[in-house]
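# Overview (structure and organization)
Residues per chain, in single letters:
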Amino acid sequence: MRWPRMWKDPSALGLLKGTAVNYLLVERHDDLGPVVDRARQEGFKVTEAASPPAGVTVAEGKWPGVKLSESGAVDTAAAGPTGNPWVDSNGWKVRLTAALHPGTEVWVEATPKEPRLFTESYLTAVADAAAYGGRWIISLDKQLAEGIAGQKTEALETWKKITGAAGFFAARRDWSDYLPQAAMGIISDFSGQNEFLTHETLNLVARTNQQYRIVLKTKVSESSFSSLRAVLYADAEPPALELRKQILAFVQAGGMLITGPKWGELSGVLATDEHPRYTLRTFGKGRLAVAKADLDDPYLVANDSVVLISHRYELLRFWNGGAVGSYFTTAPDRKQAVVHMLFYASVRGGDPSVRVAGQYRTARLWTLDRKAPRSVEMEIQKDAVELHLPPVSQYAAVELEGWSPRGSFGRKE
Amino acid sequence: MDGNCTRREWLLRTAAAAPGAYLVGSSFGRAVTAPTAPVAVAKCKTYEPAELLPTLEKIFDQLGGLGRMVKGKTVAIKLNLTGAPTYRLGYLPLGDTHYANPQVIAATVHLMGKAGARRIRLLESPWSTADPVEEYLLQANWDPHEVLSAAPKVEFENTNYLGRGKKYSRLTVPYGGYIFPAFDLNHSYEDCEVFVSLTKMKEHATAGVTLSMKNCFGITPASIYGAGAGVDEPNESPKGGRSLIHSGYRQPSKSAPAEKDPTSPRDGGYRVPRTVVDLISVRPIDLAIVDGVKTMAGGEGPWCRPPLTAVNPGLLVAGINPVNTDAVCMALMGYDPMADRGTPPFERSDSTLRLAEDVGIGTRDLQRIEVIGTSIKEARFDFAAIRRQRLLSSPANRTS
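Report on the accompanying structure.

## A look at unusual backbone geometry
Put simply, B:P306 and B:P307 share a cis peptide bond, and its omega is 5 degrees. Of note, B:P307 is situated in the loop between β11 (295-297) and β12 (309-311). For the bond running from B:P344 to B:P345, omega is 5 degrees, close enough to zero to count as cis. Even without glycine at this site, A:S227 takes up a positive phi of about 65 degrees. With respect to the helices and strands, the residue A:S227 is situated in the loop between β10 (212-216) and β11 (230-233).

This is the structure:
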C-alpha cells in the first residue's frame, strides 16, 4: 500500500494487523522515519514509492469505474461510442504487462483523483486489478486517510472493507495461475507504432466481454492458437515469414484471421458473403477477414471482431449486467473454472445472469462481502450453462466444477 | 368534451343530432365506414411446437389460408425485438416477456413456406446497431438457424440503415401524414409483396398498448430517425433509440422529409401514435400476428418503471386488418378499444387505433369486427385489472 503521508505515528501500523498488506510504499520524508523503522521491525517490506522492488512491474492505471462526465457531475456518465457508459478498467493492462514481463508481479498504480470516494469505488479498484492477477497499490484519498487516522467509524468501516477485499484475493492466489479462456487471440508486439491501436483494442475488446488471449508475435508457438476461433493481426507492418506461416496454418485448420490491408498477399478465394468493412475470403477450412481500409479505429476493430467471429462463439454472455467486465479462466488441469465479474456501475436494475460456454456440474458464487460461497441456480443449456445470480456488487466470481468436453468450446487443445 | 362522456358517446350524440351529410369526411363518418375484416383468436398455452404449430395453422386457415396470401410472393415479416438483447425481465427468456417468441416466428415462417411463399424476409431495426439481426438474436440466446431452417429461402435483414439496398425507399403517406408526409426507409419495406407485422401483446409506457401497428414504429431506420442520425445525411452506423420521434427534439437527417409542423406538440403521447399511423399508411400491414402466449404486463420491456409482471395469457391472434386486430387484442387485454386519451391504457397518449380509424385504415368498433375461433369473453386475460391493481399499490396512491 502507498503509506499516507499524514500517518506519521507508527501506531498506525496496527491498522495492517491481520490484513494482506505486506508491502509499504513510503515517500521519502524524514518525519516518516519512525514509521519505516517500526514497519521493518514488524516484518513489512518497505520501499520508496518512486522505486518499485525487484520482481514487480508497475502498470500505470486509471481509476477504474464508470467514467464521469468531463464536468465531473456525479450524476452524469460519459458515453462511449454507442451511448453506453464509458468504463475505465485496468484489467487489460494487467494482462498485457504480465505478458510482456513474465515472472514478475504486476502492481497497478491508480491513485484517487476525487477528494472523497465511496467505499464501493475502492472495492472496484482492488478487484479490477486482482481479478486479472494483479495487485492494486492501495492508495487512499485524503479525506479517508484522515478519517482512518482519526478513528472515524465510517472511515474505519471502509478501511476494513478495502483490506477485506485485498485479503479475499490474497487467499485465492492460485486463481492467478489459472489460464485465460479465449475465443480470440490478439497478436502484436504491442509497442512502437502498434502501441496505440493494440492497447486500445485490448481495452475495447474487454468491454465487449469477448474473451481474448494476448499473443506476443515474438513468442508464437503451436499452443498460442489452441482452442481459438480467430486471431487478430492489426500491426502496421506485415508479419514475418514464419509468423505468417503459423497464422495461415491456423486458418487452414479452421480458424479465422482478422487483419488489415497491410497483411500483404492474400491467400484463398473470395467468399460469397459480404461485410461493409471487410473482404471475406475462404482458405482451407478457415476464413480471412481483411479490412478494406487501414485498421485505425480500435472501437470498430474491437466490435467488428466480435461480430466477425460471431456471438455464437462467445464464451460468456451477460444479461442485466449493466457495465460489466469479465475474465474467464480455468485451472491448468481444467477441473475448475472461474468467471470473474466486475460490475462497474453503482446502480443496476434487474437480476443479472450469465451464460458460460461448456458444461459444468456445480457452480459456487463468491462475493467480497461473504466468507463462504453461495450456491447459484444453474440452468443447463445446449453447450452451455446459464447462471442466475443474486443481486451482486462490484465484484463476484463463479467457481465452476465438473467441466465436460462437450459443446462449442469442448474442443481439445 | 364532457368529462363524464366517452368520445364515442359524444360522437354518437353529435351524430344523432347532425344531418347525414355532416358525417361525410368527419371522424365518425370514417369510423362507421372504416374497413373491417375477420380476426382469429385461439388459446395456446405454450410454445411447444406440438401445440403452437396446429394452432397457428388453424387461425391462418380461419382467415382464408396463407396460400391465398403468400403463394409465389416475397413476404416481409417485421419482428418485434424491442430494446437491447441484454435486458431481461428477471431471468426469463426475452421471448417469454417482450420479444416475439422465436417459436412463433419459426412456426409462422414454416407455415408460410408450406403455403408457397417464394421468399421470406425477417426484418427488424434492432437497438442501436447495424450488425446482422442474426448476431442480435444470438445475444438474446436464440439460435437464428432454427428460424432460417424453418422454410426455404428465409433471410434476415437489419433495416436500421441502408442495409443491402442501394438507396433508401421514399414512401409517401397517402393522406398527407399526421406528423411526417413521407419516410425514407430501408428497401425491404418496399421490396415485398406481402407485409406482416408479428408482434407481442403488451402495454406500452408511451402509447398505451403496443400491438401490430405500434410494432411498425421500428421500421424507421435509426440512421435517419435515431438519436445518432446524421444531421444532413444518414449515419450508416446507427446509434441509440428513436427519441427523435418520441420528443421531436430534432429533425431527421435533412436528406429525408422533415416533419410537417415543427410547432406541433413535442409530446410522445401525441407524436408516437400519429407517427405509427403515418408509417402503417406508407407500408400497409397485410397480416397482423400477435403473440400473447407469454408476455409481460406493465410496459413494453424490462426497462419500464416497475412493477412489471410476466404473464401467461395463452393467446394467439391474427387478422388481415391491423386496426381490427389491435382492437380485438385490446378487448382481450380487458381494455375498451374505443378508449382514447385520458382513459386506460391511454392515460397519457392518444389512441393509435382511433387515429388509424380516422384515416380509414380500419374500424376499432368491436360490433363491426367478426371474431373467429375463441370468443373474446372466453379468451380475455385482464391486463386492465393488473393495471388497476398496480396503480392502486403505487407509492403515489398510498397514504402514509
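## Describing the pattern of salt bridges
Where charged atoms of side chains with opposite charge meet at close range, the side chains can pair. Residue and element names in this part refer to chain A. Using the criterion set out here, one finds 38 salt bridges over all chains in the structure. When the shortest N-O distance is used, the salt bridge between K217 and E237 registers 2.6 Å. Of this pair, K217 sits in the loop between β10 and β11 while E237 sits in the loop between β11 and α7 (241-252); the two residues are 20 residues apart in sequence, bridging distant segments of the chain. Residue E237 is classed as partly exposed on the basis of its relative accessible area of 23%. Residue E314 is joined to R317 by a salt bridge in which the shortest nitrogen-to-oxygen separation is 2.6 Å.

## Considering the state of the cysteines
All names here are of chain B. Under the criterion given, the structure shown has zero disulfides over all chains. The thiol of C192 is unpaired, and the distance to the nearest cysteine sulfur, on C216, comes to 11 Å. Residue classification places C216 among the buried positions, given a relative accessible area of 0%.

## Notes on the sheet that holds strand β3 (residues 56-60) of chain A
Residues and elements named next belong to chain A. What the three strands build is an open sheet, ordered β3-β6-β7; its pairing is parallel. Unpaired on one side and paired on the other, β3 and β7 (135-136) mark the two borders of the sheet. The pairing of β3 with strand β6 (residues 105-109) spans five bridges and is parallel. Along β6, the bridge assignment pairs V56 with E105.

## A closer look at the nonpolar core
Ranked by internal contacts, the top residues of the largest apolar core, which has 62 residues, are B:F183, B:L185, B:F195, B:M201, B:L211, B:V317 and B:L332. The element contributing the most residues to this core is helix α12 (residues 322-332) of chain B, with seven residues. Core analysis: the second largest hydrophobic core is formed by 59 residues, A:L16, A:V26, A:V36 and A:Y327 among them.

## Quick notes on helix α6 (residues 102-114) of chain B
Residue and element names in this part refer to chain B. With 13 residues, α6 extends 18 Å from end C-alpha to end C-alpha; this agrees with the ideal 18 Å at 1.5 Å per step. Restricting attention to buried positions, one finds in α6 the residues V104, I105, A106, A107, T108, V109, L111 and M112. Capping of α6 at its N-terminal end is provided by N101; its side-chain oxygen lies 2.8 Å from the backbone amide nitrogen of Q103. Once α6 ends, the next one or two residues include G116, with phi positive near 100 degrees.

Conventions we followed
Residues numbered from 1 in each chain as written. Chains lettered and ligands numbered in written order. Predicted model: local features only at pLDDT ≥ 70, side-chain atom pairs only at ≥ 80, totals over all residues. Heavy atoms only, no water. Helix = DSSP H or I, 4+ residues; strand = E, 2+ residues; numbered from the N terminus. Salt bridge = Lys/Arg side-chain N within 4 Å of Asp/Glu carboxyl O. Buried < 20%, exposed > 50% of the residue type's maximum accessible area, 1.4 Å probe, protein only. Disulfide = S-S within 2.5 Å. Pairing = 2+ DSSP bridges. Core = buried A, V, L, I, M, F, W, Y, C linked by side-chain atoms within 4.5 Å. Expected span 1.5 Å × (residues − 1). Polar contact = N/O pair within 3.5 Å; in protein donor to acceptor, adjacent residues only side chain to side chain.

Without other data, these values stay purely geometric and don't point to any function.
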